[in-house]
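Summary of the model geometry
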Amino acid sequence: MNLYVRDFSRKTFKKASLCSAVCTLLLTSAQAQDGRSALDTSSTSLIPSSSSVRVVEERNARVLVLEGGGIRGVVTLAMLQRLEETTGKPAHELFHAIIGTSVGGLLTTLLSTKKPGTNEAYSAKECSEILINESGTLFEKNQWSLDGWMGTKYLSSNLGIVCDKYIDPKTTTDQTVCPHALMVNNTETQRVEMLSSWGVRVFKAKDAILASGAMPTYFAPALIKPVSEAGVSMAQLPSYSYIDGGLGACDPSMRGYDIVADFFKTAEHIDVVSLGTGVADTPRSHDSLKGLGFIGWEKIMAEIIWDAYQYAEEDHMTRACQNFRTKGGAYWRFDPTIPSAHAAIDNNTRENIHTLISLTHTFLDESTDFAKLLELLKKPISSLEMSCPNSSGGIQIVTVPFPKAGMVVAESMDEQAA
């Protein structure tokens, strides 16, 4: 068994159609050409949490990135559970912000939202139990779709049913124990956006999860309406159509970098920790490719494009983190190699789940880089100021991690202007 042990993996395999992969490539290219970030600040606002603050001299920002991958999210959670158990702290006390896509968006919400009737967020272990125990509901087939040929492969309503079991239906995206964001793809503007815990729009947490996980052919697009939006009356609130954020930001590491660059002005350097969902071992020899026609290439073209995209992202992130402001930061990318027979994102058999978790544990045991990350995360986390939009369209500055006493607003730009 060949395990890939480095901070940055060689590639990340995602099962997607050729058209979706091409859309992703074009979207990324367009954003790079016009010089704009994929960061969308049109979402929510921050509230206090029970996290403690430990001030240290080194002003280092830490961002946790959770990618998409369906049931392979158990790989991500096995790594995150090792982080939490070794440090003795929940994820929201180890990082200044958490960002996720698709199943990573679901996990991001669970890790940064209070459990119903408590003041605590879900642990990685609890998230893993939820994903495994509810996988039968999440991947309940739509019997009338002919396995996805005549409609969505799975019942789109079931993700909402699972959300209602573990998240208070009244919870909104601004009710958070740490700053977080979910990646989505706006079907009308054809741009990647973030539904976040800061900004001018507030959504129901459940709706944000539905939007981030609406993978084409698997689930239907999500049409959701914010509960509030700065400058817009309740009667005029628009609805937004979204599909899975993985179509443009399956591994949203660059967006995590953007969060720090745009909002954490006092951070001196940055550590972006990206936990993947496994990279499939799918070697392609010349002999296996030379006789392929359109049908043969269509089956693997999406994988090739995704691999090239991931290579480019890793190379960019490595340089960006190392050269951030006062330099000294790093991009930590962990993605275990898994056999192609276990790569399907909807194979929720107990045997497959057990294999994925077992492979991940072996990967972690052999990874010297993961051991280095554990030592880094054992150090006290810096207390940083985050400047972000508030509900009235101005700018507020809050302390992250949130003090026990509540959110600290150091300055309100709109009030100052008034």
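Residues numbered from 1 in each chain as written. Predicted model: local features only at pLDDT ≥ 70, side-chain atom pairs only at ≥ 80, totals over all residues. Heavy atoms only, no water.

It is worth spelling out the overall build of the protein chain at this point. What the protein chain contains, in helices and strands, is 14 helices and 14 strands. Within the span of the protein chain, comprising 418 residues, buried residues form 58% of the whole. Residue pairs in contact within the protein chain that sit at least 24 positions apart in sequence constitute 77% of those at least 6 positions apart. Accessible surface for the protein chain amounts to roughly 17,200 Å². Of this, 55% is attributable to carbon and sulfur atoms. (Helix = DSSP H or I, 4+ residues; strand = E, 2+ residues; numbered from the N terminus. Buried < 20%, exposed > 50% of the residue type's maximum accessible area, 1.4 Å probe, protein only. Contact = heavy atoms within 4.5 Å. Areas by Shrake-Rupley, 256 points an atom, 1.4 Å probe, with all protein chains shown as cover.)

Within the element layout of this structure, Ala341 appears in the loop between strand S12 (337-339) and helix H12 (350-366). In this structure Ala341 comes out as exposed when scored by relative accessible area, which is 62%. In this structure the C-alpha to C-alpha distance between Ala341 and Ala280, which are 61 residues apart in sequence, comes to 8.5 Å.

Counting buried residues in strand S8 (residues 240-244) gives five out of five residues, a clear majority hidden from the surface. In terms of strand pairing, strand S3 (residues 180-186) meets S8 through three bridges, oriented antiparallel. By the bridge assignment for S8, Val184 is matched with Asp244. The pairing of strand S6 (residues 222-224) with S8 spans three bridges and is antiparallel. (Pairing = 2+ DSSP bridges.)

Membership of the largest hydrophobic core comes to 67 residues, with the highest contact counts inside it found for Leu64, Leu275 and Leu373. Ranked by residues supplied to this core, first place goes to helix H2 (residues 73-87) with six residues. Counting residues in hydrophobic clusters, the runner-up holds 29 residues, among them Ala181, Ala249, Tyr331 and Val400. (Core = buried A, V, L, I, M, F, W, Y, C linked by side-chain atoms within 4.5 Å.)

A word on the pattern of salt bridges. Applying the stated criterion across every chain yields a total of 12 salt bridges. Ionic pairing is found between Glu67 and Arg333, a salt bridge with its closest N-O pair at 2.9 Å. One end of the pair, Glu67, is in the loop between strand S1 (60-66) and H2; the other, Arg333, is in strand S11 (residues 330-334), and 266 residues separate them in sequence. Given a relative accessible area of 1%, Glu67 falls into the buried group. A salt bridge links Arg82 to Asp365, with the nearest nitrogen and oxygen atoms 3.2 Å apart. You can see Arg82 sitting in helix H2 and its partner Asp365 sitting in helix H12, a full 283 residues away along the chain. Relative accessible area serves as the criterion here: at 22%, Arg82 is assigned to the partly exposed category. Through salt bridges that share partners, Glu67, Asp251, Glu314, Arg333 and Asp335 make up one connected network. (Salt bridge = Lys/Arg side-chain N within 4 Å of Asp/Glu carboxyl O.)

This part covers helix H7 (residues 205-212). In terms of residue burial, H7 counts as a mostly covered element, since six of its eight residues are buried. When H7 is considered as a whole, its buried residues turn out to be Ala205, Asp207, Ala208, Ile209, Ala211 and Ser212.

Here the focus is a nonpolar patch on the surface. Nonpolar side chains collect at one region of the surface, where Leu146, Trp149 and Met150 lie side by side and expose about 460 Å² of accessible area between them. With respect to the helices, strands and loops of the structure, Met150 is situated in the loop between helix H5 (135-138) and helix H6 (157-166). (Patch = residues over 30% accessible without salt bridge, like charges linked within 9 Å, V, L, I, M, F, W, Y side chains within 5 Å.)

Within the protein chain, residue pLDDT values average 80, and 80% of them lie at 70 or more. The model gives residues 1-57 a pLDDT under 50, and that stretch makes 198 contacts with residues more than four places away or in other chains. This stretch, residues 404-418, has a pLDDT under 50; its non-local contacts, to residues over four places away or in other chains, come to 28 contacts. (pLDDT = per-residue confidence, 0-100.)

Right, let's get into the packing of aromatic side chains. Within the structure shown, the criterion is met by nine aromatic pairs. Between Phe139 and Tyr154 the ring centres are 5.3 Å apart and the planes differ by 80°, which places this aromatic pair in the edge-to-face class. Of this pair, Phe139 sits in the loop between H5 and H6 while Tyr154 sits in the loop between H5 and H6; the two residues are 15 residues apart in sequence, bridging distant segments of the chain. When its relative accessible area of 14% is taken as the criterion, Phe139 is described as buried. For Tyr154, a relative accessible area of 3% corresponds to the buried category. Geometrically, the ring pair formed by Phe334 and Phe370 is edge-to-face, given 5.1 Å between the ring centres and 80° between the ring planes. (Phe/Tyr/Trp six-rings, centres within 6.5 Å; stacked < 30°, edge-to-face > 60°.)

By the criterion of burial, strand S2 (residues 97-101) is predominantly enclosed, with five of the five residues buried. When S2 meets S3, the two strands line up parallel, connected through four bridges. Along S3, the bridge assignment pairs Ile99 with Ala181.

So, on to helix H9 (residues 253-263). Where burial is concerned, most of H9 is hidden: eight out of the 11 residues are buried. Within H9, burial applies to Ser253, Arg255, Gly256, Tyr257, Asp258, Ile259, Val260 and Phe263.

Along the chain, the position of Thr118 falls in the loop between helix H3 (103-112) and helix H4 (124-133). Reaching out from Thr118, the side chain makes a polar contact with the backbone oxygen of Lys115 at a distance of 3.0 Å. Within the local environment of Thr118, its side chain forms a polar contact with the backbone oxygen of Glu120, the two atoms lying 3.2 Å apart. (Polar contact = N/O pair within 3.5 Å; in protein donor to acceptor, adjacent residues only side chain to side chain.)

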